[in-house]
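Remarks on the overall topology
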Amino acid sequence: MAKKGKTWIKTQLSDSWYKKAKREGYRSRAAYKLIQIDLKYKIFKVKGKFPKKILDLGAAPGAWIEVILRKYLEIPAPKRYRNFKIIGIDLTTIRPFENAQFIETHRTDIFSEKCEKEIIQPEKLFDVILSDLAPKTSGDFRDVANQEAMVEKVFEFTKYLKKHGNIVVKMFQSEFTNEIMKKWKMHFRILKRMKPPASRESSRELYIIGLNFI
Ligand SMILES: C[S@@+](CC[C@H](N)C(=O)[O-])C[C@H]1O[C@@H](n2cnc3c(N)ncnc32)[C@H](O)[C@@H]1O
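We now turn to the structure provided with this report. (Residues numbered from 1 in each chain as written. Predicted model: local features only at pLDDT ≥ 70, side-chain atom pairs only at ≥ 80, totals over all residues. Heavy atoms only, no water.)

1. Some details on the packing of aromatic side chains
Considering all chains together, one arrives at twelve aromatic pairs under this definition. Geometrically, the ring pair formed by Phe-50 and Phe-84 is tilted, given 5.9 Å between the ring centres and 45 degrees between the ring planes. Taken together, the positions of Phe-50 in the loop between α2 (30–41) and β1 (53–57) and Phe-84 in the loop between α3 (63–73) and β2 (85–90) put the pair 34 residues apart, joining distant regions of the chain. For Phe-84, a relative accessible area of 4% corresponds to the buried category. The structure contains a cluster of three or more aromatic residues connected by ring pairs, namely Phe-44, Phe-50, Tyr-72, Tyr-81, Phe-84 and Phe-102. Over the ring of Phe-97 we find Arg-27, and its NZ or CZ is 3.9 Å from the ring centre. (Phe/Tyr/Trp six-rings, centres within 6.5 Å; stacked < 30°, edge-to-face > 60°. Helix = DSSP H or I, 4+ residues; strand = E, 2+ residues; numbered from the N terminus. Buried < 20%, exposed > 50% of the residue type's maximum accessible area, 1.4 Å probe, protein only. Lys NZ or Arg CZ within 6 Å of the ring centre and 35° of its normal.)

Structure representation (structure tokens):
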């Protein structure tokens, strides 16, 4: 049998996350990226407790919300919060989740005025902010600028992050990553970057994880 190339092996491995997602009932393989980040950094612990309010930016099709939902449902029923809330925002529609009235989804652009003024601001503060936002790529110089603008926008939303809160933001490895790390360092007690095993090796994608917002 001919020796398999590196690309082939990598693709197969990536596919295994896709198959696992299908088997385990997640909407996409993205679920495992969040699971792996949480396993390492315990992002769903804010001052020792499960977060009460979570904002998920770029949330479609909704695998990250499913991860949060499953974690929340692990809490024994009498101990679950009455005011628990997950807000998911995306340009595309997020299919509803069964028996989860505490999940609110909005089809809107994170850059729109409506997004901040009508959806985020009225909630006051979040315990955790997640962003798996990925701009549509055109293959030219605009891609980098779009991605950077997105990360900056997410950072702006930290005005809605509670003290001691946590953040996870996707970005693409570039010189800008170091700039962001420098800029955000003073705002979080712990600031890390991680490329979860479920993230395709061929992609420059990585996640910035900020813990314990100051
Ligand atoms: C990789 S997907 C997110 C996957 C998601 N974390 C999950 O678990 O299902 C990236 C998402 O970012 C969304 N997106 C890109 N630009 C956006 C924008 N300006 N406003 C809102 N959502 C945006 C895309 O529509 C896409 O659904």
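2. Observations concerning the nonpolar core
Membership of the largest hydrophobic core comes to 38 residues, with the highest contact counts inside it found for Ile-43, Phe-44, Ile-68, Leu-130 and Ile-209. If you list the elements that add at least two residues to this core, you get α1 (6–24), α2, α3, β4 (126–131) and β7 (205–213). Among the elements that line this core, the one with the most residues is α3, at seven residues. Beyond its immediate stretch of four places on either side in the chain, Phe-44 contacts Leu-34, Asp-38, Lys-49, Phe-50, Pro-51, Ile-54, Ile-68, Lys-71, Val-128 and Leu-130. (Core = buried A, V, L, I, M, F, W, Y, C linked by side-chain atoms within 4.5 Å. Contact = heavy atoms within 4.5 Å.)

3. Here's the deal with α2
Given a rise of 1.5 Å per residue, twelve residues ought to cover 16 Å, and the 17 Å separating the end C-alpha atoms of α2 matches this to within 8%. Taking burial as the measure, the twelve residues of α2 include nine buried ones, the bulk of the element. Lys-42 sits one or two positions beyond α2 and adopts a positive phi of about 50 degrees. (Expected span 1.5 Å × (residues − 1).)

4. As for the site of the ligand
Surveying the vicinity of the ligand reveals 19 residues, the closest of which are Gly-62, Trp-64, Asp-90, Asp-109 and Asp-132. Note that an oxygen atom of the ligand is positioned 3.0 Å from one of the backbone N or O atoms of Ala-63. With respect to the ligand, the backbone of Trp-64 contributes an N or O atom lying 2.8 Å from an oxygen atom. Burial of the ligand by the surrounding chains reaches 86%, relative to a free accessible area of 600 Å². Per-class residue counts for the shell around the ligand are twelve nonpolar, three polar and four charged. (Near = heavy atom within 4 Å. Polar contact = N/O pair within 3.5 Å; in protein donor to acceptor, adjacent residues only side chain to side chain. Areas by Shrake-Rupley, 256 points an atom, 1.4 Å probe, with all protein chains shown as cover. Nonpolar A, V, L, I, M, F, W, Y, C, P; charged D, E, K, R; others polar.)

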